[in-house]
Amino acid sequence: MIAINSITRAAIKGYLEGFIDGLVDEYKGRKILKPENAAEYLSRYSSNGELKPFQAALIPPELIRINQFERGLSTKLGNSFEECTRLIALEHHQDVRRGYDIKAEVSVAAFAEAERQKEKYESAVTNKQGKPSLEQMITAVLNARRGDDLELKTVRTDLYILTKDGTELFFEIKAPKPNKGQCLEVTQRLLRFHLLRGKNRPQVKAYYAMPYNPYGVTKADYKWSYALNYMPFNEAVVIGNDFWKIIGGETAYEELLEIYLEVGREKGKYMLDALAFGF
């Protein structure tokens, strides 16, 4: 069964073409001056700390511009994943929202307990003690609720899905190589999603979503130590095909990558011409 129908496919392709065009427009006009001589370059000032005298001496400005474009694309690629996820999920689920604010009156004590659970998890890793499961942490947060300290709280999730069977899914869509702080912060956010809904799994499921696996095909191939150590990886993380299967079915990942490949083939010459030669 096809995961992405022709209408959604056209919408995704159009979005990606606009994404590439906008990024090329941002970088193609950038002036990168080749050093006239060592003294001239060494007299330059950069408020962003981007002076690289040895690279600038060896590498043509056109290649530097292309490298800057690639770094900019990598930084903004997460936005493309979120939008493609939304478009695919709309085909398969009851409701889908990007940048969704979860609002509820909740116990201040329980809200703070999410922070305490995060700290407890970090301490367990540092002291090589047994780490709590995600479900245990959610339970601890829900059990900390009181009725006399309610306050309106808002937490935003990257993607919200209401499935056809009524299950609520919350995703933090992030890069697959987070640092320690990002792992702990997302873990805390997942706990707070459950608190604001007042439910544990399986009625509510909150995930750290990694759109691709930089190590291979399966979750078992994944090796990034921060994510493996500083969050309940097996329960909290969906990665690569496992993520896209939730969004759109068995073939969604492969079908989406084919659209990216098609846009890359069609836009490749345009990107090189615009960035290297300015036309």
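Since the structure is predicted, the reported quantities are computational estimates derived from the model, not experimental observations.

Thresholds applied
Numbers given for residues are sequential positions, taken from 1 along each chain in its written order. Only residues with pLDDT of at least 70 are given local features in this predicted model, and only at 80 or more are side-chain atom pairs given and counted; all residues enter the totals for whole chains, interfaces and linings. As a rule here, side-chain values come from all non-hydrogen atoms in the structure, and water together with hydrogens is ignored. Think of a patch as exposed residues, more than 30% relative accessible area, with no salt bridge, where like charges cluster within 9 Å and nonpolar side chains (Val, Leu, Ile, Met, Phe, Trp, Tyr) cluster within 5 Å. Only the protein chains shown count as covering a residue, and every accessible area follows the Shrake-Rupley method with a 1.4 Å probe. A pairing counts as a salt bridge when a side-chain nitrogen of Lys or Arg comes within 4 Å of a carboxyl oxygen of Asp or Glu. Numbering of helices and strands starts at the N terminus; helices are DSSP runs of H or I of at least 4 residues and strands are runs of E of at least 2. If DSSP finds at least two bridges between two strands, the strands pair. Only the stretch in contact is used when a helix axis is fitted, and all axes are lines through C-alpha atoms; the angle between N-to-C directions ranges over 0 to 180 degrees. For every residue, the accessible area (1.4 Å probe, protein chains only) is compared with the maximum for its type, and the residue is labelled buried under 20%, exposed over 50%, or partly exposed between those bounds. Pairing of aromatic rings covers Phe, Tyr and Trp, the last counted by its six-membered ring, and requires centre-to-centre distances within 6.5 Å; plane angles under 30 degrees mean stacked, over 60 mean edge-to-face, and any other angle means tilted. When the NZ atom of lysine or the CZ atom of arginine is within 6 Å of a ring's centre and also within 35 degrees of its normal, the charge is said to sit over that ring. One fewer than the residue count of a helix, multiplied by 1.5 Å, yields its expected span. Note that the bend at a residue is defined as the angle between axes fitted to the seven residues ending at it and the seven residues starting at it. Throughout, a contact is declared for two residues whenever any of their heavy atoms are within 4.5 Å. Under this definition, polar contacts are N or O atom pairs within 3.5 Å; protein pairs additionally need one hydrogen-donor-capable and one acceptor-capable atom, and for neighbouring residues in sequence, both atoms have to be side-chain atoms. Working definition: roughly parallel below 35 degrees, roughly antiparallel above 145 degrees, roughly perpendicular at 65 to 115 degrees, and oblique for all remaining angles. Helix crossings are classified by the rotation of the near helix relative to the far one: an anticlockwise turn of less than a right angle makes the crossing left-handed, while a clockwise turn makes it right-handed.

K.L.:
Run through a nonpolar patch on the surface, naming residues and quoting values.
P.N.:
Taken together, the side chains of Leu-58, Ile-59 and Leu-63 present a nonpolar region at the surface, about 310 Å² in accessible area. Inspection of the secondary structure assignment puts Leu-58 in helix H3 (residues 53–58).

K.L.:
So what's going on with the sheet that holds strand S3 (residues 168–173)? Which residues, and what values?
P.N.:
One open sheet holds the 5 strands; their spatial order is S1-S2-S3-S4-S5, and the pairing between them is mixed. Looking at which strands have only one partner, the edges of the open sheet turn out to be strand S1 (95–107) and strand S5 (237–239). Ignoring which end each strand starts from, the neighbouring axes of this sheet average 45° apart. The pairing of S3 with strand S4 (residues 204–210) spans 6 bridges and is classified as parallel.

K.L.:
Let's hear about unusual backbone geometry: which residues, and what values?
P.N.:
Following Arg-201, the chain continues to Pro-202 via a peptide bond in cis, the omega torsion being 10°. By the secondary structure assignment, Pro-202 is in the loop between helix H7 (180–197) and S4. One non-glycine residue, Lys-128, lies in the positive phi region at around 55°. Lys-128 gets classed as exposed once you look at its relative accessible area, which sits at 76%.

K.L.:
Please provide a residue-by-residue account of the packing of aromatic side chains, values included.
P.N.:
Within this structure, the stated rule accounts for 15 aromatic pairs. Consider the rings of Tyr-160 and Phe-170, whose centres lie 5.2 Å apart with planes at 45°: the pair is tilted. Here Tyr-160, found in strand S2 (residues 150–162), pairs with Phe-170, found in strand S3; they are 10 residues apart in sequence, far enough to count as distant. An identical accessibility class is assigned to Tyr-160 and Phe-170; each is buried. Among the aromatic residues, ring-to-ring pairing joins Phe-171, Tyr-207, Phe-243, Trp-244 and Tyr-253 into one connected group. The ring of Phe-111 is capped by Arg-192, whose NZ or CZ atom sits 3.8 Å from the centre of that ring. The ring of Phe-233 carries the charged tip of Lys-219 above its face, separated from the ring centre by 5.2 Å.

K.L.:
Provide a residue-level description of helix H11 (residues 252–277), including the pertinent values.
P.N.:
Helix length check: H11, at 26 residues, gives a terminal C-alpha distance of 37 Å against a target of 38 Å (1.5 Å per residue), a fit within 8%. The largest bend in H11 comes to about 50°, at Lys-267.

K.L.:
Tell me about the pairing of S2, residues and numbers included.
P.N.:
Across 12 bridges, S1 lies against S2 in antiparallel orientation. Bridging across to S2, Arg-97 finds its partner in Tyr-160. In this sheet, S3 lies alongside S2 in antiparallel orientation, the contact comprising 4 bridges. Directly across from Leu-159, in S3, lies its bridge partner Phe-171. Once S2 ends, the chain turns through 5 residues before running back antiparallel as S3, passing Gly-166 with a positive phi of about 90°.

K.L.:
Give me the lowdown on the environment of Glu-235, citing residues and values where you can.
P.N.:
Relative to the assigned elements, Glu-235 resides in helix H9 (residues 233–236). Along the sequence, Glu-235 and Glu-135 sit 100 residues apart, while their C-alpha atoms lie 8.4 Å from each other. For Glu-235, the contacting residues outside a window of four places in its chain are Ser-133, Leu-134, Glu-135, Arg-201 and Tyr-207. There is a polar contact of 2.8 Å between the side chain of Glu-235 and the backbone nitrogen of Leu-134.

K.L.:
I'd like a rundown of the packing of helix H1 (residues 6–28) against H11, residues and numbers included.
P.N.:
Helix-helix packing is characterised by the crossing angle of the two axes and by the distance between the axes. It is at 10 Å that the axes of H1 and H11 come closest, and there the two elements cross at 25°. One way to sum up the angle between H1 and H11 is to call them roughly parallel. You can see that H1 and H11 cross each other, and the crossing is right-handed. Where H1 abuts H11, its residues Arg-9, Ile-12, Lys-13, Leu-16, Glu-17, Ile-20, Asp-21, Val-24, Asp-25, Tyr-27 and Lys-28 lie against Leu-256, Ile-259, Tyr-260, Glu-262, Val-263, Glu-266, Lys-267, Tyr-270, Met-271, Ala-274 and Leu-275.

In short, geometric facts, not functional conclusions.
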